[in-house]
Every structure is written in structure tokens, then in C-alpha cells.
Amino acid sequence: MPKDPADKPAYLSKYTKLLDEPTVNNQTIVLDNIIVGSIAKFVMEGDAEITYWIDRKFWGHGIATKALKDFLDIEAARPIFGRVAFDNVGSQKVLEKCGFVKIGSDRGFANARQKEIEELIYKLDN
């Protein structure tokens, strides 16, 4: 995300670069013809990583878990890593339900919070 999530030109610029990047697999999550989120694989420092986002009003309905399971069926990169905020228990459960195993922690800057936070690192080997 750009530093200012409301900065549409910055978002579109970043998104356009992602779409042109051959190592990125970016998908839209649609429910009943409504866009409810996105999911993607990208490569950072040589490692495949997963990221996903679900509109808050759709949380708690299993959408992220189903989207991630479906995505992992079409995305062959392994191992694949997931990073999640230390206090995002819902996202931690999504990764675990999809076979990811917690392997450690790190610190990273969270644009949405505008500060550095602890992230838990998850890994899926197969």
C-alpha cells in the first residue's frame, strides 16, 4: 500500500508495476459478483511470499481461507512464505488452516499503521 491509502495515483502506479512484473501472480477475490479482496504471490529477496486482503465487512466468513486454498492450487511456487502482524489472529488462523507453519518473527514497517511492528513468519513447503 502507498503511505496514504487514499492516494489513488500512487496506488495505480504501484499496481501497474505489479501487473507488469512476471514473478507476481495477482488475483481478485469476487463473491456474488462483488470484489471483496485480492490475493497475490510476489518475490522478495529471492523468496516467494503470499499476501491477501479482504474488505473488513466480509471478515469472519471463511472467504480468506477459501481464497488462499484456491490460490495455492494454481500457484506452484514452494516454499512460499506469509507474514502477518503479531496481533492479527484471524490472518494467522487463515495461514494455519491452509497448511502454513509458523517459523519465526521479524520486524517490519506496516504502512497501514505507519510504524514498525512485529510480524510472524509462516512457511508452506508443499
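Further up the page is the structure itself.
The rules behind these values
Residues numbered from 1 in each chain as written. Predicted model: local features only at pLDDT ≥ 70, side-chain atom pairs only at ≥ 80, totals over all residues. Heavy atoms only, no water. Helix = DSSP H or I, 4+ residues; strand = E, 2+ residues; numbered from the N terminus. Rg over C-alpha atoms; globule rule 2.2 N^0.38 Å. Buried < 20%, exposed > 50% of the residue type's maximum accessible area, 1.4 Å probe, protein only. Contact = heavy atoms within 4.5 Å. Areas by Shrake-Rupley, 256 points an atom, 1.4 Å probe, with all protein chains shown as cover. Lys, Arg positive; Asp, Glu negative; His and termini not counted. Charge placed at Lys NZ, Arg CZ, Asp CG, Glu CD. Polar contact = N/O pair within 3.5 Å; in protein donor to acceptor, adjacent residues only side chain to side chain. Core = buried A, V, L, I, M, F, W, Y, C linked by side-chain atoms within 4.5 Å. Salt bridge = Lys/Arg side-chain N within 4 Å of Asp/Glu carboxyl O. Pairing = 2+ DSSP bridges. Right-handed = clockwise from strand over helix to strand, strands pointing away.

Looking at the overall build of the protein chain
Argument step 1. Along its length, the protein chain carries 3 helices and 6 strands.
Argument step 2. When the helices and strands of the protein chain are read in sequence order from the N terminus, they spell out α-β-β-β-α-β-α-β-β.
Argument step 3. Its C-alpha radius of gyration of 14 Å places the protein chain within 12% of the 14 Å reference for a compact globule of 126 residues.
Argument step 4. Judged by the C-alpha coordinates and their principal axes, the protein chain covers about 35 × 35 × 30 Å.
Argument step 5. Within the span of the protein chain, comprising 126 residues, buried residues form 33% of the whole.
Argument step 6. The long-range fraction of contacts in the protein chain, counting pairs at least 24 apart against all pairs at least 6 apart in sequence, stands at 48%.
Argument step 7. Carbon and sulfur atoms make up 52% of the accessible area of the protein chain, which amounts to about 8,300 Å² in all.
Argument step 8. When the 18 basic and 19 acidic side-chain charges of the protein chain are each reduced to a single mean position, those positions are 4 Å apart.

Regarding the side chain of E75
Argument step 1. Positionally, E75 belongs in the loop between α2 (63-74) and β4 (80-85).
Argument step 2. In this structure the side chain of E75 is engaged in a polar contact, spanning 3.1 Å, whose partner is the backbone nitrogen of A77.

As for the nonpolar core
Argument step 1. Counting 23 residues, the largest nonpolar core has I50, Y52, L68, L95 and F100 as its most contacted members.
Argument step 2. Within the residue set of this core, elements represented by two or more residues are β2 (34-44), β3 (47-54), α2, β4, α3 (89-97) and β6 (115-124).
Argument step 3. With 6 residues, α2 is the largest single contributor of residues to this core.

Observations regarding the pattern of salt bridges
Argument step 1. Tallied over the entire structure, the rule returns 7 salt bridges.
Argument step 2. E49 is the partner of R83 in a salt bridge, and the nearest nitrogen-oxygen pair spans 3.5 Å. Of this pair, R83 sits in strand β4 while E49 sits in strand β3; the two residues are 34 residues apart in sequence, bridging distant segments of the chain.
Argument step 3. Residue classification places R83 among the partly exposed residues on the basis of a relative accessible area of 32%.
Argument step 4. Taking the shortest distance from any N to any O, the salt bridge between D87 and R113 comes out at 2.8 Å. Here D87, found in the loop between β4 and α3, pairs with R113, found in the loop between β5 (101-110) and β6; they are 26 residues apart in sequence, far enough to count as distant.
Argument step 5. The class for R113 is partly exposed, based on a relative accessible area of 36%.
Argument step 6. Taken together, the shared-partner salt bridges in this structure form one network comprising E49, R83, D106 and E119.

Points about the pairing of β3
Argument step 1. The pairing of β2 with β3 spans 8 bridges and is classified as antiparallel. What sits directly across from M44, in β3, is D47.
Argument step 2. Hairpin geometry of β2 and β3 is characterised by an intervening segment of 2 residues between the two adjacent antiparallel strands and by a positive phi of about 50° at E45.
Argument step 3. Of the pairings in the sheet, the one linking β3 to β4 comprises 3 bridges and is parallel in character. Looking across to β4, one finds that E49 is bridged to F81.
Argument step 4. With α2 bridging β3 and the parallel β4, this β-α-β connection has right-handed handedness.

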